[in-house]
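Given next are the chains, with one letter for each unit.
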Amino acid sequence: MRNRMTLFILFIFLLSFLQGSIGNQIQNESSAPEVTDWPEGSNAYDNLVTMTQFGYRKIDTTANENSRNWIATQLESYGYQVERQSFTTDECDNCQNIVVTINGTLEKDWIVVGAHHDAICYSPPPLIGITYPTCTSSGAYDDATGSGALLELARTFAQWNITPEHTWKLAWWDYEEWQGSGSSEGGGMGSLHFVEQQIPSDVNVTYLNLDMFALNWPVEMPTAMQLTGCDEDYWTLYMFTSPVEDWSYYEDRGLEVTEEMEANAVVLQSQLTELNSNLSHPTDWVRVIDDTKGNSDHYNFIMNGYAATWLRGQHQYAYEEGDTCEQTPKHAQSDSVTTLNTMAGGRTNVESGLQTGMDVIATMALWDRNSTVDNSDEVIIAQGEEGVTSVIAILGMLTITTVFCLVIWRQEKEIF
Ligand SMILES: [Zn+2]
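In this text, all values refer to a predicted model and were calculated from it rather than measured experimentally.

Conventions we followed
- Residues numbered from 1 in each chain as written.
- Predicted model: local features only at pLDDT ≥ 70, side-chain atom pairs only at ≥ 80, totals over all residues.
- Helix = DSSP H or I, 4+ residues; strand = E, 2+ residues; numbered from the N terminus.
- Buried ≥ 20, exposed ≤ 12 C-beta atoms within 10 Å, placed from the backbone.
- Contact = placed C-beta atoms within 7 Å.
- Axes fitted to C-alpha atoms, helices over the stretch in contact; angles between N-to-C directions.
- Parallel < 35°, antiparallel > 145°, perpendicular 65-115°, else oblique.
- Left-handed = near helix turned anticlockwise from the far one by under 90°.
- Nonpolar A, V, L, I, M, F, W, Y, C, P; charged D, E, K, R; others polar.
- Pairing = 2+ DSSP bridges.

*Asks:* I tried to follow the overall build of the chain on my own but got confused; where do I start?
*Replies:* Within the chain one finds 11 helices and 8 strands. Residue burial in the chain is summarised as follows: out of 416 residues, 40% are buried. Pairs at least 24 residues apart make up 79% of the contacts formed inside the chain by residues separated by at least 6 positions.

Written out as structure tokens, the structure reads:
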């Protein structure tokens, strides 16, 4: 009887051991991160429309302040802690960047994604940069497209709720636009403030700039444009990236190009190329090329030694090789949602254009997450080995217990 009791206790012990192992394994599997959300063109489009509804977002205006407050409120609703980086310049008393941080495993290696929330209106060419009181713009293309898309990316990343390898900063710059021919200073002041004041000297940064995209692949060239002499099938999405070949634009402006900068440029260009090929983006219409013109916030990053790229769709008076019809509505009263819809051939096309750019950034974030997951894959593999070890241990235990029970059972038989 006492021996039967021993048998029973042994089996209970074995059962609880098995149960514990299985329970642990299920828990380990469910802790692996999963992407359940992806940025959507329609959400970015809605954000873009909201941005334009604040009015003319020129620096130092109520419209500018209201729009950045809205961005901050949205970010807070996604669960971010919002950093408001205020700054002043000769032309701006109340300028402010909106910045959020997603902490990565690397504190000193940042990926910064930026768009600018301000807008400007000048007189149409050939007069360059003349501002006047009735000249206003809703800045739909420049740069509610970038701001709205970045907000959608922020929403998605919050949903992912994972720790990337790099520390990611998402930034909505104020005062990107030059204030016109009467201005005492240039543009790019928000990103300049960030680069000069907000990046510790021991931190390395890769910068991704979103300024004017949506009118790009897979948006087809409208027939009306083709009739005016355009012989392209689609608008191009450019990624103007830290140069691999031609640094002259930056060298002419005082940059001393180091080997590290050259190496980082090669890495970034090849990453972007690989990423686009992974997304099956046609190389004719989604192109990674040397930046040789500056002209947006990525300029400040490159001038300070960081690798950067600028995602940009159809543009104005900045013809690239092969372009025959790049005519953006930027800096004009006509830069409106209506113009975007007309040029793209409808809202869904604008959404598709936005999607292309967001896919690039989100994939980069996913790859950065995957490098962390790779680590946790190692952990999972280790856990798997642990699991194998557990199975061996269980089998061993089972064998020992069975033998032990058999011995007891035989002894019992002999005794009684
Ligand atoms: Zn812009």
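*Asks:* I keep staring at the packing of helix α2 (residues 41-52) against helix α4 (residues 140-160) and nothing clicks. Help me out?
*Replies:* When two helices pack together, you describe them by how their axes are tilted relative to each other and by the distance separating the axes. Relative orientation of the contacting elements α2 and α4 amounts to 130°, with a least axis distance of 8 Å. Relative to α4, the element α2 lies oblique. Where α2 crosses over α4, the handedness of that crossing is right-handed. In this structure, α2 contributes N43, A44, Y45, N47, L48, M51 and T52 to the contact, and α4 contributes A140, A144, T145, S147, G148, A149, L151, E152 and R155. The residue makeup of the contact of α2 with α4, split by class, is 8 nonpolar, 6 polar and 2 charged.

*Asks:* Please clarify how the environment of V244 should be interpreted in this entry.
*Replies:* Within the element layout of this structure, V244 appears in the loop between β6 (237-241) and α7 (248-252). Along the backbone, V244 and D290 are 46 residues apart, and their C-alpha atoms lie at a distance of 6.3 Å. Leaving out residues up to four positions away in the same chain, V244 has contacts with A265, V266, Q269 and D290.

*Asks:* Before we go on, may I ask you to explain the sheet that holds strand β4 (residues 167-173) in this structure?
*Replies:* Strand order in the open sheet formed by 8 strands is β1-β2-β4-β3-β5-β8-β6-β7, with mixed pairing between adjacent strands. The open sheet is flanked by β1 (83-87) and β7 (286-290), the only strands paired with a single partner. Taken pair by pair, the neighbouring strands of this sheet meet at an average axis angle of 20°, ignoring direction. Bridge count between strand β3 (residues 109-116) and strand β5 (residues 204-210): 6 bridges; the pairing is parallel.

*Asks:* Mind showing me how you'd approach the pairing of β6 here?
*Replies:* It is a general feature of regular strands that their side chains alternate between the two faces of the sheet. Within β6, 5 of the 5 residues are buried, leaving the element largely enclosed by the surrounding structure. Neither face of β6 is left uncovered, since the one carrying L237, M239 and T241 and the one carrying Y238 and F240 both have all their residues buried. Here 5 bridges tie β6 to β7, and the two strands are oriented parallel to one another. The partner of M239 across the bridge, within β7, is V288. Direction of pairing for β6 relative to strand β8 (residues 307-312): antiparallel, over a ladder of 4 bridges. Across the sheet, F240 pairs through a bridge with W310, a residue of β8.

*Asks:* Would you mind going over unusual backbone geometry with me for this structure?
*Replies:* Trans is the prevailing form of peptide bonds, just as negative phi is the prevailing case for residues other than glycine. Of note, the amide linkage connecting D142 to D143 takes the cis form, showing an omega dihedral of 0°. Mapped onto the elements, D143 comes out in helix α4. The omega torsion across W217 and P218 is 10°, close enough to zero to call that bond cis. For D60, which is not glycine, the phi dihedral falls at a positive 65°. Locating D60 in the fold gives a position in the loop between α2 and α3 (62-77).

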